Amino acid sequence: NCRFVIAIMASSITILTAKGKELIQRNYREASSSRNVREIFKQRVLEAHDESDLKPIFQDGTCNYCFIRHGDLYFIATVTMNANVAVIMAFLYKLLAVFKEYFKSVEEESVKDNFVLIYELLDEMMDNGYPQATEPKILKEFINQSEANVVVRPKAIPTAVTGQTPWRSEGIVHKKNEIFLDVIEFANCLISAEGTVLHAEILGTIKMKSFLSGMPELKLGLNDKVLYEARGRRNKKTVDMEDVCFHQCVRHSRFETSRTISFIPPDGEFDFMTYRLDSKVRPLIWVECQIETYPTRIEYLVKAKSNFKRRSTANNVRISVPVPYDADSPKFKSSVGTVGYDTEASMMIWKIQSFPGQKQYIMRGHFGLPSIRDEEDASMDRALDVKFEIPYFTISGVQVRYLKITEKSGYQALPWVRYITRNGNYQIRLSLKHNKKKKSKRV
């Protein structure tokens, strides 16, 4: 059997400011001129007229450029061979995550203050252009900085760096062995002014916080539709997850062949997996907005209804309704919660601390308008925004069926599972028509 191996070699890693100033450059393979990298990137990206046309990967001659942006900093990798750019991009994001673990805030000043430490990290995280150790907790075991800004290294490098589990050190001991799982889902929803759902999807993530001693073997079971069908079992409560992405601790080969999720977890907190469901879901909180415009005032009637089961409750609900930029003299009345006016954003904000399922609440708003104003006012060409959090609930129905923990010492461990659903990009469009006569607009 022939195997085709794609090179994953990066030629250099460079960090530039938004003004094109070079802060860091580390060459791994053939020496590339820092001036060339800076000048080409500045010409192709920093001086681009239309940022919407920018692509995170571009080619100039025989050199490929991959970059990500964080604030006013650009992290750039150059590649001169046929490399797997997905791995290179993943490495850049991992590099940024490691910097955050070390410096908390990653900006120009923090990079300047820690440039010696950064070069040490670049040497350990990539060897001759190949990604190596990328786990922050393992890196911190042998690369640290003293108060005098001197990089401190132990005499012996942790075995985790060269072992089979580079994300976990040996000899970890906890007084109480337990692991916490948070299943968090974000509901993205876009609704037209006529009440039609234009786009809906669910983005999910499972976060873990592990406090387990030794080298435990874990096996996680979800209500995975593909797994149930492969075993000839039918269950209406299964979920067909798409775009599943695991932490590197998961044995991907087992998952691909038998859909079995087995792994040795890192110690502490980490993102275990992400997934997506592109399914038609009913909006969890439905909002209708009726607008009446008059020559010198505008009035709102906002109705909010929860479409989930009675036993669930949405917390910290925030409904932001756009109002004209020149509106003044706000007056509000609501059946529940509090209403305020954000003058800078020109938004009427309705806050409901607790919103039980299958409930409906009403809020009225009144604003004054100047006697002379632009009839083509574009201030209402904005969407109504909804924020919320529903604990003990997942919109997709994803459930953790079991979590088996096995360790050679035979200790008993406690798994804890928590479910949360939050808003993602959850917006409802308003109609753009404004008339002096009474006009009812449904959202």
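Residues numbered from 1 in each chain as written. Predicted model: local features only at pLDDT ≥ 70, side-chain atom pairs only at ≥ 80, totals over all residues. Heavy atoms only, no water.

Let us now look at the sheet that holds strand β2 (residues 22-27). With antiparallel pairing, five strands are arranged side by side in an open sheet as β2-β1-β5-β4-β3. Each edge of the sheet is formed by a strand with only one pairing partner; in this case those strands are β2 and β3 (57-60). Averaged over all pairs of adjacent strands, the angle between their axes in this sheet comes to 20 degrees, without regard to strand direction. Across the sheet, helix α4 (residues 115-125) is in contact with β1 (12-17) and β2; its angle to β2 comes to roughly 30 degrees. (Pairing = 2+ DSSP bridges. Helix = DSSP H or I, 4+ residues; strand = E, 2+ residues; numbered from the N terminus. Axes fitted to C-alpha atoms, helices over the stretch in contact; angles between N-to-C directions. Contact = heavy atoms within 4.5 Å.)

Attention now goes to the sheet that holds strand β23 (residues 383-391). A sheet is described by the order of its strands in space; here nine strands give the open sequence β13-β15-β11-β10-β25-β23-β18-β21-β20, paired in mixed fashion. Whereas interior strands pair on both sides, the edge strands pair on one side only; in this sheet they are β13 (242-246) and β20 (338-342). Neighbour to neighbour, the strand axes of the sheet diverge by 15 degrees on average, direction disregarded. Strand direction decides the pairing type here: strand β18 (residues 313-322) and strand β21 (residues 347-356), joined by nine bridges, are antiparallel. Within β21, the residue paired with Pro 322 across the bridge is Met 347.

So, on to the pattern of salt bridges. Under the definition given, this model contains 19 salt bridges. A salt bridge links Glu 135 to Lys 94; its shortest N-O distance comes to 3.5 Å. Of this pair, Glu 135 sits in the loop between β7 (130-131) and α5 (136-142) while Lys 94 sits in helix α2 (residues 85-103); the two residues are 41 residues apart in sequence, bridging distant segments of the chain. On the basis of relative accessible area, Glu 135 is assigned to the buried category, the value being 9%. Here Lys 140 makes a salt bridge to Glu 101, at a shortest N to O gap of 3.9 Å. Linking Lys 140 in helix α5 with Glu 101 in helix α2, this pair joins segments that are 39 residues apart in sequence. Its relative accessible area of 30% is what places Lys 140 among the partly exposed residues. Salt bridges here are not isolated pairs; linked through shared partners, they connect Glu 201, Glu 242, Asp 243, Arg 276 and Asp 278. (Salt bridge = Lys/Arg side-chain N within 4 Å of Asp/Glu carboxyl O. Buried < 20%, exposed > 50% of the residue type's maximum accessible area, 1.4 Å probe, protein only.)

Let us now look at the confidence of the model for the protein chain. Overall, the prediction assigns the protein chain a mean pLDDT of 85, with 86% of residues at 70 or greater. Across residues 1-6 the pLDDT falls below 50, and counting only partners more than four positions away or on other chains, this stretch makes three contacts in the model. In the model, residues 432-443 has pLDDT below 50 throughout and makes 35 contacts with residues more than four positions away in sequence or in other chains. (pLDDT = per-residue confidence, 0-100.)

For Asn 128, which is not a glycine, the phi torsion comes out positive at approximately 55 degrees. Its location among the elements puts Asn 128 in the loop between β6 (126-127) and β7. For Asn 128, a relative accessible area of 39% puts it in the partly exposed group. One non-glycine residue, Asp 243, adopts positive backbone phi at about 50 degrees. Relative to the elements of secondary structure, Asp 243 occurs in strand β13.

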